[in-house]
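# Summary of structural features
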Amino acid sequence: MKKKIKVEDISRPTEKLTRTDPKDFKPLPPPYDKPENLPPWVPLKVSDDIESSLDDTIAVAVPKPKTKEEEQELVRKFLSGLEKLFTKENNWTFLQLLTLTMEHCAKCQTCSDACHIFEASGRNEVYRPSYRSEVLRRIYHKYLKPGGKFFGKWKHGDIDLNWTTVARLIELSYRCNICRRCAQTCPIGVDNALVTHELRKLFSQEMGIAARELHEKGSMLQLRVGSSTGMNPLVVKDNMDFIDEDMSEKTGMTIKTPWDKEGADVLLIHNAGEIMAWPENPGAFAVVLEAAGVSWTLSSDIPAYDGINYGLWYDDFQLARVAIKHAQAAKKLGVKKIVVGECGHSTKSLMVIADRVLTGDLNVPRESAMTFLEDLVFSGKLKLDPSRNDFPVTLHDPCNMVRLMGIVEPQRRILRHLCPKFREMEPHGVHNYCCGGGSGFAIMSGYNFQSWRNHVSGRKKLEQVLNAFQDDLSPETHKYLCAPCSNCKGQLRDILFAYDAWEKCGILYGGLVELIVNAMTDVKPGFIEWEWH
Amino acid sequence: MSSALLHVVTYAAFIVFVVAVAVRIYKIQSMPVHLRWDLYPVAHEGKRSHYGGSYFEELDWWKKPREFSWIGELRGMLPEMLFIKALWENNRPLWYRSFPFHFGLYILIGWVGLLVVGAIAQIAGIPVEAGTGSIVGVAIHYLTVLAGAFGLILATIGAALLLHRRLTDPEVEGYTSPAHIFNLAAFLGALLVGFLTYILVDPTFALARGYVQSLIVFNVSAPVGSSAVALEFLLFSLLLAYVPLTHMSHFFTKYFFYHKIRWDDEPNFRGSRLEKEITEAIGYPVTWAAPHLKADGKKNWADIATEEVDK
Ligand code: SF4
Ligand code: SF4
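Residues numbered from 1 in each chain as written. Chains lettered and ligands numbered in written order. Predicted model: local features only at pLDDT ≥ 70, side-chain atom pairs only at ≥ 80, totals over all residues. Heavy atoms only, no water.

### Observations regarding the overall build of chain A
Heads up, the condition is: Numbering of helices and strands runs from the N terminus; a helix is a DSSP stretch of H or I covering at least four residues, while a strand is a stretch of E covering at least two. Here the radius of gyration uses the C-alpha set of atoms, whereas the globule reference equals 2.2 Å times the residue count to the power 0.38. Residue contacts are counted whenever heavy atoms from the two residues lie within 4.5 Å of one another. Accessible surface is estimated by sampling points in the Shrake-Rupley manner with a 1.4 Å probe; for residues, cover comes only from the protein chains shown. Charged-residue counts in this description rest on Lys and Arg as positive and Asp and Glu as negative, His and the chain ends being excluded. Charge positions come from single atoms, namely NZ of Lys, CZ of Arg, CG of Asp or CD of Glu.
Within chain A, the secondary structure is distributed over 22 helices and eight strands. What you see for chain A is a C-alpha radius of gyration of 23 Å, in line with the 24 Å of a compact globule of 533 residues. Along the longest, intermediate and shortest principal axes, the C-alpha atoms of chain A span 70 × 55 × 45 Å. A fraction of 79% describes how many contacts in chain A between residues 6 or more apart in sequence connect residues 24 or more apart. Total accessible area on chain A stands at roughly 16,800 Å², and carbon and sulfur atoms take up 53% of it. Taking the average location of the 69 positive side-chain charges in chain A and that of its 70 negative ones, the two points are 6 Å from each other.

Structure follows, in structure tokens:
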């Protein structure tokens, strides 16, 4: 039997704190019960100057400090950041939540079974929801609380704060999807996802350390250029022109996306990743909105044509900066409301989290695409024929929109109405499992992190999808996995591709609005292209 | 231990308890407004709460009156407080241990309440015994015996089972600190003393009631009547003072976890009280050191959030 890894082991300089061993991973249902059907585990290859002592993958890739002094300086910075997390000036945004979570965990481990990463890894101790929380809790009680050197150990157990601890914590804060499924099960209300969130904030806001895809290539690029895809306003307009042409040809309708229309009722904000990777999604929105006669517009202001807001996962200021600019664009156009496209984290950032950042006339009403589309589907303005969607459909619930916003039924009412073979995954709704791409993972693929996502964080979702379609997993029967969220789609694309799920099981993924257009009788049949997977 | 000293310890414990709870509540309440961090289901959502829906499911939700169901809140909170529903649903083996402990303690709180009521009745001249002329006195007597016996038995069994789990379950191994063991052992010890005192010395709780009566009338020199009862009250007093100083204060902080965090879905409207609080918070000066924030302790939160990033 393997020796159980202890919380305090995180401080002991060893080559690896844990091994990510495919032999431990939770078995999958057919056809992935056979080893030959599984994708290979890609081993980590990394140079010696990068910190990689947590496990067998890397998300952040922190350079190793060159001297002892450098190490000490980083540890000192960590401590100063930790102090700031507990001051109201620096962290009014989450102070109350974090303090309660630090003070009241009963260490009962009820949350462990809720976590898909912990389960899929074969219950790897380091991925246990409370493991990273416990590390931080012990540091907080030992180094921040009065008399902590004695009482901290007595109350919570021992820990040493050194560079090994900090370096591993940086990586460990990127082994959690911040899906908050664990928090839902805690009998006290303690939130391990919040700990992940606050740790990432400390690293970003104090030490300037974050996953490159979220910061440099994410929120910074978005604030500088307009979009994390790198599209500036000219390029995005060009791309939408192509999409309009394509949609017009495909549907037989004349589609022209309106830009910067002052006084429009609705400012629609897509995740710009859709425009690049899944153009049929913004295209389908344009089709539905035009057919229903909605007064709408997109904005070409930086960054209002990209709804992403990666700050949600690692940096309060980056979150606020993007959300404020989104609101400013809406205010400038004088729209009645913002509708956020099919993207869970964009929706939650703008509607919920930024709700307590936007004041005065920046507080423009904001709505989710789910409610907005539901109204259009049942308004009678669209002619719909559900028999066009006569294939098995299941629904993935994006955590941000469902568990964390309570938008559960609108998308289901649409699917029940338009898809005769709709079936639920188990569990679903607010008890769903994360796709494994949450908290930014879907766009993070450095080193072998994508392999880790495919094998570990995405494993439970794959199991759920297979179970939902288990009545007919033959590749001849085309099946549709509906994921009304751009990031989830990114993750599902990677999993389905890695497991060759189209060839082996006939599973395609896509958004919600595509199913609506696929059922529109004013549109040429066959909007959903099964071949493109 | 002299009777007077025991009285002083009990008074002091009561004061520590009240002050510690008040300080904790004050600290939590005086923290600034925070960003929303809802977690569904939210119990006050009325007709949508059973599946976890929210007002965001409504078209133009900001134009609609917000449904806030107090009955829903109670329906969400009571089973959680009384029966630890989350544990029943998510960790049944632990529930079998935790529920008797917690429920036993609730009954014991009721028992203390009944001792106080009985003591007041006695002060008012109503005898509290079986077979007296007063129905009230008889009722208080039997209820006290029932609550005391059940409470002590349930809580003692629960404490023993929880301690057993802490010491043997590999799932919590490595997450158990010396304080955990001490806390459970302290409860088990005090409860066992209480139980044995009940069985062997004070089966009607008349002595316990007498002690409570002497506390109420500040008769600190009144003899306790039995050193077992004195020990029982000494241990209970120490626990009373100790609990709110530890993570076990979750017995009341749980309220904040639910009401101030998971279920705090209050939207921010222009001109609202909430908006005022937010305006105050974004005015705080910030000292975060990362280069992309350039916080210098003079710029406030809003300055940094509205600053252009370096091109
Ligand atoms: S977070 Fe909650 S469920 Fe998890 S160990 Fe702590 S108290 Fe138990
Ligand atoms: S938030 Fe989600 S991924 Fe993170 S520990 Fe909890 S259940 Fe696991």
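Structure's up, so let's keep going.
### Let's talk about the UniProt feature "domain: Cysteine-rich" (unreviewed entry) in chain A
Filter applied, for reference: UniProt positions are given in the numbering used here, feature names are shortened, and annotations may be inferred rather than shown by experiment.
Residues annotated in UniProt with the feature "domain: Cysteine-rich" (unreviewed entry) correspond here to residues 393-493 of chain A. End C-alpha to end C-alpha, residues 393-493 of chain A measures 16 Å, and it is 37% helix and 9% strand.

### Considerations on the sheet that holds strand 7 (residues 479-482) of chain A
Residues and elements named next belong to chain A. Note the cut-off: Any two strands are treated as partners once DSSP identifies two or more bridges connecting them.
Across the sheet, which stays open at both edges, the four strands sit in the order 6-5-7-8 with parallel pairing between neighbours. This sheet does not close on itself; its edge strands, each paired only once, are strand 6 (422-423) and strand 8 (507-510). Pairing between strand 5 (residues 393-395) and strand 7: three bridges, direction parallel. Each bridged residue has a counterpart across the sheet, and for Val-393 the counterpart in strand 7 is Tyr-480.

### Regarding the site of ligand 1
Threshold: Near, as used in this document, describes a residue that has one of its heavy atoms within 4 Å of the molecule or strand being considered. Three classes are used: nonpolar for Ala, Val, Leu, Ile, Met, Phe, Trp, Tyr, Cys and Pro, charged for Asp, Glu, Lys and Arg, and polar for all others, with Gly counted as polar.
Taken together, Cys105(A), Ala106(A), Lys107(A), Cys108(A), Gln109(A), Thr110(A), Cys111(A), Cys186(A), Pro187(A), Val190(A) and Asn192(A) make up all the residues around ligand 1. In terms of residue class, the shell around ligand 1 is made up of seven nonpolar, three polar and one charged.

### Some points on the domain arrangement of chain B
Short version of the rule: The start and end points of each domain follow an automatic or database-based domain assignment.
Examined at the domain level, chain B breaks down into domain 1 (90-248) and domain 2 (273-306). For domain 1 of chain B and domain 2 of chain B, the distance between their C-alpha centres works out to 50 Å.

### Structural notes on the packing of helix 3 (residues 95-104) of chain A against helix 9 (residues 192-207) of chain A
All names here are of chain A. The condition is simple: Axis definition: a line fitted to C-alpha atoms, over the contacting stretch in the case of helices. Angles run 0 to 180 degrees between N-to-C directions. Roughly parallel here means an angle under 35 degrees, roughly antiparallel means over 145, roughly perpendicular means 65 to 115, and every remaining angle is called oblique. In this scheme the crossing of two helices becomes right-handed for a clockwise turn of the near helix relative to the far one and left-handed for an anticlockwise turn of less than a right angle.
Where helix 3 contacts helix 9, the axes come no closer than 10 Å and their chain directions differ by 120°. Classified by the interaxial angle, the pair formed by helix 3 and helix 9 is oblique. In the crossing of helix 3 with helix 9, the sense of the turn from one axis to the other is left-handed. Contact with helix 3, carried on its side by Leu-97, Leu-98, Thr-101 and Met-102, involves Leu-194, Val-195 and Glu-198 of helix 9 and no other residues of that element.

### A closer look at the interface of chain A and chain B
For clarity, the threshold we go by: Accessible area, probed at 1.4 Å, shrinks when two parts are joined; the buried area is that loss added up over both. Within this document, salt bridges are pairs made up of a side-chain nitrogen of Lys or Arg and a carboxyl oxygen of Asp or Glu, the two lying within 4 Å of each other. Side-chain atoms alone can form a polar contact between residues adjacent in sequence; in general such a contact is a pair of N or O atoms within 3.5 Å, and within protein one must be able to donate a hydrogen while the other accepts it.
The interface is formed by 99 residues belonging to chain A together with 86 residues belonging to chain B. With both sides pooled, the region where chain A packs onto chain B buries about 8,300 Å², and carbon together with sulfur makes up 60% of that total. Across the contact surface, chain A and chain B share eight salt bridges. Notably, a salt bridge pairs Glu171(B) with Arg123(A), separated by 2.9 Å at the nearest N-O pair. At the junction of chain A and chain B, the tally comes to 53 residue pairs in polar contact (both at pLDDT 80 or more). The leading source of residues in the side of chain A that touches chain B is helix 3 of chain A, at eight residues.

### Considerations on the domain arrangement of chain A
Residue and element names in this part refer to chain A. Domain boundaries assigned for chain A yield domain 1 (7-207), domain 2 (216-375) and domain 3 (383-532). For domain 1 and domain 3, the distance between their C-alpha centres works out to 30 Å. Contact with domain 1, which involves 43 residues of that partner, is made by 37 residues of domain 3. Between domain 1 and domain 3, roughly 3,200 Å² of surface is buried when both sides are summed, and carbon and sulfur atoms account for 63% of that area. For the domain 1 face of the interface with domain 3, the top three residues by lost area are Tyr-32, Asn-177 and Arg-181, together amounting to 19%. Across the domain 1-domain 3 interface, the total number found is two salt bridges. Among the salt bridges present, the one from Lys-460 reaches Glu-119, with a minimum N-O distance of 2.9 Å. At four residues, the largest contribution of residues to the side of domain 1 that touches domain 3 is made by helix 4 (residues 116-120). Residue composition of the side of domain 1 that touches domain 3, by class: 27 nonpolar, seven polar and nine charged.

### Topic: the packing of aromatic side chains
When we look at a pair of aromatic rings, we describe it by the centre distance and by the angle of the planes. Here is the rule we go by: Here a Phe, Tyr or Trp ring, Trp counted by its six-membered ring, pairs with any other such ring whose centre lies within 6.5 Å, and the pair is stacked when the planes are under 30 degrees apart, edge-to-face when over 60, and tilted otherwise. For the exposure calls, accessible area comes from a 1.4 Å probe over protein chains only, and a residue counts as buried if that area is under 20% of its type's maximum, exposed if over 50%, partly exposed in between. Comment: the charge-over-ring label is applied if NZ (Lys) or CZ (Arg) is within 6 Å of the ring centre and within 35 degrees of the ring normal.
Applying the stated rule across the entire model yields 46 aromatic pairs over all chains. Considering the side-chain rings of Trp95(B) and Phe99(B), the 4.6 Å spacing of their centres and the 10° angle between planes classify their relative orientation as stacked. Of this pair, Trp95(B) and Phe99(B) both sit in helix 4 (residues 92-123), four residues apart, roughly one helical turn. Like Trp95(B), the residue Phe99(B) is buried in the burial classification. Members of the aromatic cluster, connected to one another through ring pairs, are Phe83(B), Trp88(B), Trp95(B), Tyr96(B), Phe99(B), Phe103(B) and Tyr106(B). Of note, Arg175(A) hangs over the ring of Trp452(A), and the distance from its end group to the ring centre comes to 5.8 Å. Note that Arg200(A) overlies the ring of Tyr174(A), its terminal NZ or CZ placed 4.0 Å from the centroid.

### Brief notes about the environment of Lys4(A)
Among the structural elements, Lys4(A) can be located in the segment before helix 1 (68-85). Distance in space between the C-alpha atoms of Lys4(A) and Gly334(A) is 59 Å, their sequence separation being 330 residues. Excluding residues that lie within four positions of it along the chain, Lys4(A) makes contacts with Asp9(A), Glu125(A), Arg128(A), Pro170(B), Glu171(B) and Glu173(B). One polar contact links the side chain of Lys4(A) to the main-chain carbonyl oxygen of Pro170(B), over a distance of 2.5 Å. At 3.0 Å, the side chain of Lys4(A) and the backbone oxygen of Glu173(B) are in polar contact.

### Looking at the sheet that holds strand 3 (residues 337-340) of chain A
In space, the four strands of this open sheet follow the order 2-1-3-4 (chain A), with parallel pairing throughout. With partners counted over all chains shown, the strands left at the sheet margins are strand 2 (296-297) and strand 4 (366-368) of chain A, one partner each.

### Describing unusual backbone geometry
Along the chain, Pro30(A) connects to Pro31(A) via a cis peptide bond; the corresponding omega equals 0°. Counting through the fold element by element, Pro31(A) comes out in the segment before helix 1. That bond from Ile302(A) to Pro303(A) is cis: its omega, -5°, falls within 30 degrees of zero. The residue Pro303(A) is located in the loop between strand 2 and helix 14 (316-333) in this model. The backbone of Gln109(A) shows a phi angle near 70°, a positive value even though the residue is not glycine. You can see Gln109(A) is positioned in the loop between helix 3 and helix 4. The backbone of Asp60(B) shows a phi angle near 50°, a positive value even though the residue is not glycine. In this fold, Asp60(B) is placed in the loop between helix 1 (3-29) and helix 2 (70-83). We classify Asp60(B) as buried; its relative accessible area is 16%.

### Structural notes on the site of ligand 2
Neighbouring ligand 2 are Cys115(A), His116(A), Ile117(A), Pro129(A), Cys176(A), Asn177(A), Ile178(A), Cys179(A), Arg180(A), Cys182(A) and Ala193(A). Of the residues assigned to the shell around ligand 2, the class counts are eight nonpolar, two polar and one charged.

### Quick word on a nonpolar patch on the surface
All names here are of chain B. What counts, and what does not: Patches here: salt-bridge-free residues with over 30% relative accessible area, like charges joined within 9 Å, nonpolar side chains (Val, Leu, Ile, Met, Phe, Trp, Tyr) joined within 5 Å.
Residues Leu-74, Leu-78, Met-81, Leu-82, Phe-83, Tyr-106 and Ile-109 make up a contiguous nonpolar surface patch of roughly 640 Å² in combined accessible area. When residues of the nonpolar patch are traced back to their parent elements, those giving at least two are helix 2 and helix 4. Of the residues forming the nonpolar patch, the biggest block, five residues, is contributed by helix 2. With respect to the helices and strands, Phe-83 occurs in helix 2.

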